[in-house]
Amino acid sequence: MLQTAPPDIPIPGALAGQQPLYGPRSYQVMAGNDLGTQLLEISMGPHHPSTHGVFRMDLVLDGEEVVKLKPVFGYLHRNHEQLAEKTSYLGSMPYTDRLDYFCSMTNNWAYAHAVEKLADIKVPERAEYIRVILAELTRLVNHTCLAGFLVNDLGALGTPLIYAFREREKILDIFEAVSGARMMCNYMRFGGVRANFTPQILKRISQIVDNYPCFLDEFEKLLTSNEILMSRCQGTGILSAELAINASITGPMLRASGVDYDIRKVDKYGIYDRFEFRVPLGEHGDVYDRYMVRILEMRESIKILQQALKQFPEGGDFMNPKVKIRNFKPPPGEAYGRIESPKGELGFYLISTGGTNPYRYHVRAPSFVNLTILEDTCLGQKVADVIIILGAVDIVLGEVDR
Amino acid sequence: MKSELLTQNFPQITWDEPSKSFVVPHMDLLDVVDFLRSHPDFNMDYVSNVAGVDWLPRKEKVKGADGKEVEIEKPGYLEAVYHFYSIKKKHGPVILRCRTDGRENAMLPSITPFFRGAEFQEREIYDLYGIRFSGHPDLRRILMWDEFQDHPMRKDYREPDDYQWEPTPHDDVLEKAKMHYAEAG
């Protein structure tokens with residue numbers, strides 16, 4: 001049983017009656033065994049090569065096992081929501097790029113989707129196909145990078161990461177050809193996209209889509225039945241389905257625990273009901289399942305891309321011509337638009353009172369909510385496993401802190 | 001069909017047409033949430049979004065009893081908006097709004113005992129808006145640092161004049177500091 005001496009120095013920032021995690025260094029905390037060992041309180045601080053950004057975890061360790069874990073973030077808080085209240089609707093589109101800085105196209109689409117719901121704007125068909133193609137390319141980028149980073153956290157010293165980044169570079173070249181920027185694309189607009197696709201871009205995308213299964217096969221041959229990955233990831237960080245649903249986990253983490261919920265299939269936003277794709281589900285909810293779900297989702301994304309390229313319309317508007325660009329004032333009301341971003345459910349909640357700026361702009365970030373269960377999945381695990389569990393949650397601090 | 005079921009069982013909640021949401025008085029929030037979670041027609045087992053909104057006191061023109069337009073003052077309040085979805089039944093959002101009584105000492109019950117997913121989101125609302133959630137297991141600041149005073153996302157938030165605590169302010173920091181000294185008297 002954990003015994004702590006009550007600290008007699010008042011600690012700022014803690015509510016009364018709550019057991020504070022940071023205390024004066026003088027208190028003795030005894031672990032519950034007869035060796036007389038102490039618990040070690042360590043801050044896996046914001047400067048850390050494996051914490052995927054400026055993210056801190058306050059760990060209390062009994063030897064190598066985790067007894068208590070509190071995530072601390074806010075180091076990248078840029079007050080995005082208040083900035084959007086002072087900027088016009090279109091003016092905060094570049095800010096949404098910087099939320100989840102790996103997947104800027106899906107962030108843009110989520111925001112455009114929410115505003116289109118608010119102001120009841122229709123999107124032409126060619127623009128819908130462009131959006132789906134770019135969103136699935138973003139999903140490929142994100143899941144590849146995640147596989148690379150996860151294996152990097154396991155200790156693979158960067159080689160699979162560089163293999164993954166080599167494929168990412170090809171897709172970033174597409175983004176640069178389409179929108180002018182590799183990462184911060186700022187490409188979607190309310191009612192369509194900013195610029196049209198040329199036939200050369202379509203040819204390059206189809207080249208990438210044709211070569212991608214070969215890269216995935218090579219990646220899987222090297223990694224999926226790798227002994228180290230299997231023995232470290234299987235059985236680590238198990239998350240049950242009931243806890244996942246209750247803790248509002250979404251995205252590949254939820255599907256790895258066996259829950260069949262994919263917003264592309266449930267809400268059918270955009271034109272996703274025209275494509276045939278399956279939703280991979282995991283059985284055990286451990287880190288290995290999360291890794292495999294993402295690899296399988298990449299294969300499904302390639303299927304969607306192939307179908308979209310085949311069905312791509314010849315002509316058509318890339319932007320709804322009736323939408324005002326200057327002085328865009330949606331009618332008073334509110335809307336919550338959500339899409340399936342590669343990390344989970346990304347939702348934008350907008351309240352408009354009829355002006356040019358939103359009255360309330362809230363981002364429901366998937367990484368922020370997915371961190372709720374970090375403590376639950378890490379209790380009893382070793383410190384080294386905490387790193388890979390965090391890697392499999394797939395957080396990006398731009399979204400967590402906004 | 002769904003909205004009648006809720007209003008029949010809980011006559012004190014009202015339907016707000018412009019935002020398509022239910023306004024729930026904060027005494028009944030936990031009962032309504034439990035009903036949504038357990039009733040087989042709803043099965044709302046997933047809270048997707050918990051957002052805070054700040055409404056300043058404002059004047060509105062309302063048609064009075066004699067047909068003339070009268071300007072009445074509406075008091076300000078803070079609000080928490082909840083979006084519930086159902087993963088089992090895969091149906092659409094049920095939106096609840098819960099208003100506080102006024103902008104000082106704003107308190108609302110926490111739905112974290114029912115839904116773990118609201119834990120971090122309610123902490124964020126406490127941090128940025130100042131609504132205290134009673135029954136929350138770990139209510140402390142999440143995005144701002146622990147010793148920060150005041151709540152930044154409120155509409156009447158005024159930023160401090162000097163973030164870096166210069167002992168001798170100059171340029172535009174001096175202008176802001178002069179404004180504060182003049183007010184303090």
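Throughout what follows, the structure given in this document is the object of discussion. As the structure is a computational prediction, the values presented were derived from the model and not from experiment. (Residues numbered from 1 in each chain as written. Chains lettered and ligands numbered in written order. Predicted model: local features only at pLDDT ≥ 70, side-chain atom pairs only at ≥ 80, totals over all residues. Heavy atoms only, no water.)

**Some remarks on the interface of chain A and chain B**
For step 1, the next point in the chain: With 44 residues of chain A in contact, the opposing surface of chain B contributes 44 residues.
For step 2, the next point in the chain: Note on chain A versus chain B: buried area summed over both sides is about 3,800 Å², and carbon and sulfur give 54% of it.
For step 3, the next point in the chain: Inspection of the chain A/chain B interface yields 5 salt bridges.
For step 4, the next point in the chain: Between chain A and chain B we count 20 residue pairs in polar contact (both at pLDDT 80 or more) in total.
For step 5, the next point in the chain: Taken together, the elements giving at least two residues each to the side of chain A that touches chain B come down to strand S5 (65-72), helix H1 (80-86), helix H8 (241-246), strand S8 (333-341), strand S9 (344-352), strand S10 (360-364), helix H12 (366-370) and helix H15 (397-401) of chain A.
For step 6, the next point in the chain: Of the residues belonging to the side of chain A that touches chain B, the class tally is 20 nonpolar, 12 polar and 12 charged. (Contact = heavy atoms within 4.5 Å. Buried area = accessible area lost by both parts, 1.4 Å probe. Salt bridge = Lys/Arg side-chain N within 4 Å of Asp/Glu carboxyl O. Polar contact = N/O pair within 3.5 Å; in protein donor to acceptor, adjacent residues only side chain to side chain. Helix = DSSP H or I, 4+ residues; strand = E, 2+ residues; numbered from the N terminus. Nonpolar A, V, L, I, M, F, W, Y, C, P; charged D, E, K, R; others polar.)

**What to know about the pattern of salt bridges**
Oppositely charged side chains can pair when the atoms bearing their charge come close.
All names here are of chain A.
For step 1, the next point in the chain: Following the criterion strictly, the structure yields 40 salt bridges over all chains and no others.
For step 2, the next point in the chain: For glutamate 81, the salt bridge goes to arginine 402, with nearest N and O atoms at 3.0 Å. One end of the pair, glutamate 81, is in helix H1; the other, arginine 402, is in the segment after H15, with 321 residues separating them in the sequence.
For step 3, the next point in the chain: One network of salt bridges, in which partners are shared, links Glu136, Arg139, Arg255, Asp262, Arg264, Glu297 and Glu340.

**Regarding the side chain of B:Ser21**
For step 1, the next point in the chain: Position of B:Ser21 relative to the elements: it lies in strand S2 (residues 21-24).
For step 2, the next point in the chain: Here B:Arg97 takes part through its side chain, which lies 3.3 Å from a polar atom of the side chain of B:Ser21.

**Section: the packing of aromatic side chains**
All names here are of chain A.
For step 1, the next point in the chain: Under the counting rule described, the total for this entry stands at 33 aromatic pairs over all chains.
For step 2, the next point in the chain: Judged by centre distance (6.1 Å) and plane angle (85°), the ring pair of tyrosine 129 and phenylalanine 275 falls under edge-to-face. Of this pair, tyrosine 129 sits in helix H4 (residues 125-156) while phenylalanine 275 sits in the loop between helix H10 (263-266) and helix H11 (287-310), and the two are 146 residues apart along the sequence.
For step 3, the next point in the chain: Judged by relative accessible area, which is 2%, tyrosine 129 ranks as buried.
For step 4, the next point in the chain: Residue classification places phenylalanine 275 among the buried positions, given a relative accessible area of 4%.
For step 5, the next point in the chain: Between tyrosine 272 and phenylalanine 275, the aromatic rings sit 6.4 Å apart at their centres with planes inclined by 75°, giving edge-to-face as the arrangement.
For step 6, the next point in the chain: Exposure remark for tyrosine 272: the relative accessible area of 3% places this residue in the buried category. (Phe/Tyr/Trp six-rings, centres within 6.5 Å; stacked < 30°, edge-to-face > 60°. Buried < 20%, exposed > 50% of the residue type's maximum accessible area, 1.4 Å probe, protein only.)

Purely geometric numbers; function is a separate question.
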